[in-house]
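# Coordinates in review
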Amino acid sequence: MAELVDIAPGILVHTSRKDALNSIVLASISEAMLVDPGWEAEELDDLAAQLAERGLTVLSGFATHAHHDHVLWHPAFGNAPRLASAATVRLAGAEREDLLAHAAADDPALETRPELLTLIGRLSPTPQAPANSHHTWLPRGAAPCGFEPQLLTHDAHVPGHTALWLPEQRILIAGDMLSSTELPLPDLEQHESRARLLQKRSIDPFTTYLEALDLLEPYARKARLVIPGHGPLGSDALERLERDRAYLTAILNGDDPRDERRATRGMEAWHARLVEAAVERR
C-alpha cells in the first residue's frame, strides 16, 4: 500500500497503484480535508487507517469532477460533507448507474463492499455566484486551519470540473488536467448530453478546454507545485499548461504534434481520437 507522503507543511498525497491517482489531504494538527480520495477498496481502507494513525478527523471531502475515480468515499471518513461544484453534483446524480458500473469494472472488490458502493457520488454542491458559474467557494469550516482554498470551476474534461488553488502554499490542485503523463482529455463523447442535462446551450470540448487553460494560467504562473489528478507532481505548472495549449492548438490547426505523452499507455489511441474529433469539428 502507498504511504501518505508529506509534500509541504500540512499537505499529504497518497498515490494509487491504479493509474497513479493522487488523493490529497489538507491537514491541521487534528483535522483534515480530503480531495479525490481513492482508488481501490483496499487503498481506501489503508487511507482511512493512515488518517486514524495520524489522529486526523475528516472535516470535509471535495470531488474535483464527476468521474468514478474521483467521487469515492469510505465509512471511516465519517459523515463530513462531501462537496463539489453544482454541475458535478448534478452529473454524479444523473450518471450514478454509470459511475457504479465503471467503479466495479475497475475494482471488482467493490462488488463485495456495499458500504463503499453506496457512498459513490454522494455529493453536495458548493455555493455558487448566480451570474458566474466559475465563482464558487467552500462553506465556512470546510477547510482546516491554515488553508483557504480558492475554487476554479470550468467545463474542461467534464462540466463542473474544479481545480483548487492554495494561495498561501502556492499549490495548484489541478484535477484531471496539467498531467505530465496524459494528453489533454476533453469530453468528446458526452458533451452534448451533458450540455442538455445542465441546460447549457452547447459545450464545445476543445473551446472549453482552452478556456479552462486560460482560467488556470494566472495560478499556474504563481504555483510552486502542481498536483494533477494522475501522475507525478511537478514544479512546472506553467510549462505543462503551455504544452497542453500548444498541443490542442496544433490539433485544431490540422497538425500532428509530437508529444512524449503519446507513449503513455492508451494515449496514442486517444491522440488519434482527438485528431478525428478536430476534423469533424471543421
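Above this note sits the structure.
Rules and cut-offs
Residues numbered from 1 in each chain as written. Predicted model: local features only at pLDDT ≥ 70, side-chain atom pairs only at ≥ 80, totals over all residues. Heavy atoms only, no water. Helix = DSSP H or I, 4+ residues; strand = E, 2+ residues; numbered from the N terminus. Expected span 1.5 Å × (residues − 1). Buried < 20%, exposed > 50% of the residue type's maximum accessible area, 1.4 Å probe, protein only. Contact = heavy atoms within 4.5 Å. Axes fitted to C-alpha atoms, helices over the stretch in contact; angles between N-to-C directions. Parallel < 35°, antiparallel > 145°, perpendicular 65-115°, else oblique. Left-handed = near helix turned anticlockwise from the far one by under 90°. Nonpolar A, V, L, I, M, F, W, Y, C, P; charged D, E, K, R; others polar. Core = buried A, V, L, I, M, F, W, Y, C linked by side-chain atoms within 4.5 Å. Salt bridge = Lys/Arg side-chain N within 4 Å of Asp/Glu carboxyl O. Pairing = 2+ DSSP bridges.

## Some points on helix H7 (residues 237–252)
Here H7 is 16 residues long and its end C-alpha atoms lie 23 Å apart, about the 22 Å a rise of 1.5 Å per residue gives. Looking at H7, one finds that the buried residues are Ala-237, Leu-238, Arg-240, Leu-241, Asp-244, Tyr-247, Leu-248, Ala-250 and Ile-251. Buried residues belonging to H7 abut helix H6 (205–222), strand S13 (225–228) and helix H8 (267–281). Gly-254 occupies a position one or two residues after H7 and carries a positive phi of about 85°.

## A short note on the packing of H6 against H7
Describing two packed helices takes the angle between their axes plus the distance from one axis to the other. One can describe the packing of H6 onto H7 by two numbers: an axis separation of 9 Å at closest approach and a directional angle of 160°. Looking at the two axes, H6 sits roughly antiparallel to H7. Along this stretch, H6 crosses H7, giving a crossing that reads as left-handed. Together, Phe-206, Tyr-209, Leu-210, Leu-213, Asp-214, Leu-216, Glu-217, Ala-220 and Arg-221 of H6 and Ala-237, Leu-238, Leu-241, Glu-242, Asp-244, Arg-245, Leu-248, Thr-249, Ile-251 and Leu-252 of H7 make up the contact between the two elements. When grouped by side-chain class, the residues that make up the contact of H6 with H7 number twelve nonpolar, one polar and six charged.

## Regarding the nonpolar core
Inside soluble globular proteins, nonpolar side chains tend to come together where they are buried. Membership of the largest hydrophobic core comes to 36 residues, with the highest contact counts inside it found for Val-25, Leu-34, Leu-51, Val-58, Phe-77, Ile-120 and Leu-123. Elements with a minimum of two residues in this core: strand S3 (22–27), strand S4 (31–35), helix H1 (41–53), helix H2 (86–94), helix H3 (96–106) and helix H4 (114–117). Those residues in contact with Leu-51 that sit more than four places away from it in its chain are Leu-4, Val-25, Leu-34, Leu-56, Val-58 and Phe-77. Core analysis: the next-biggest nonpolar cluster, separate from the first, contains 32 residues, Met-177, Leu-178, Leu-210 and Ala-237 among them.

## What about the pattern of salt bridges?
Summed over all chains, the structure comprises 22 salt bridges. Arg-261 is paired through a salt bridge with Asp-244; the nearest N and O atoms lie 2.7 Å apart. Of the two residues, Arg-261 sits in the loop between H7 and H8 while Asp-244 sits in helix H7, which places them 17 residues apart along the sequence. Both residues of the pair, Arg-261 and Asp-244, belong to the buried class. One salt-bridge network, held together by shared partners, links Asp-214, Glu-217, Arg-221 and Arg-245.

## What to know about the sheet that holds S3
What links the strands of a sheet is backbone hydrogen bonding, and the strands pair in either a parallel or an antiparallel sense. As summarised here, the arrangement of the seven strands in space is S1-S2-S3-S4-S5-S6-S7, forming an open sheet in which the pairing is mixed. Each edge of the sheet is formed by a strand with only one pairing partner; in this case those strands are strand S1 (5–8) and strand S7 (124–125). For S1 and strand S2 (residues 11–15), the ladder comprises three bridges, and the chain directions are antiparallel. Directly across from Asp-6, in S2, lies its bridge partner Leu-12. Of the strands in this sheet, S2, S3, S4 and strand S5 (57–62) are in contact with H1, which crosses S2 at around 155°.

## Some remarks on the pairing of strand S11 (residues 161–166)
Counting buried residues in S11 gives six out of six residues, a clear majority hidden from the surface. Judged by which residues are buried, S11 turns out to be covered on both faces: His-161, Ala-163 and Trp-165 on one side and Thr-162, Leu-164 and Leu-166 on the other are all buried. With five bridges connecting them, strand S10 (residues 150–154) and S11 associate as antiparallel partners. Among the inter-strand pairings, Leu-151 is bridged to a residue of S11, identified as Leu-164. The antiparallel hairpin formed by S10 and S11 contains six residues in its connecting segment, where His-157 sits at a positive phi of about 70°. Pairing analysis gives three bridges linking S11 to strand S12 (residues 171–175), with the strands arranged antiparallel. Each bridged residue has a counterpart across the sheet, and for Trp-165 the counterpart in S12 is Leu-172. Hairpin connection, S11 to S12: the antiparallel pair is bridged by four residues, and Arg-170 has positive phi, about 55°.

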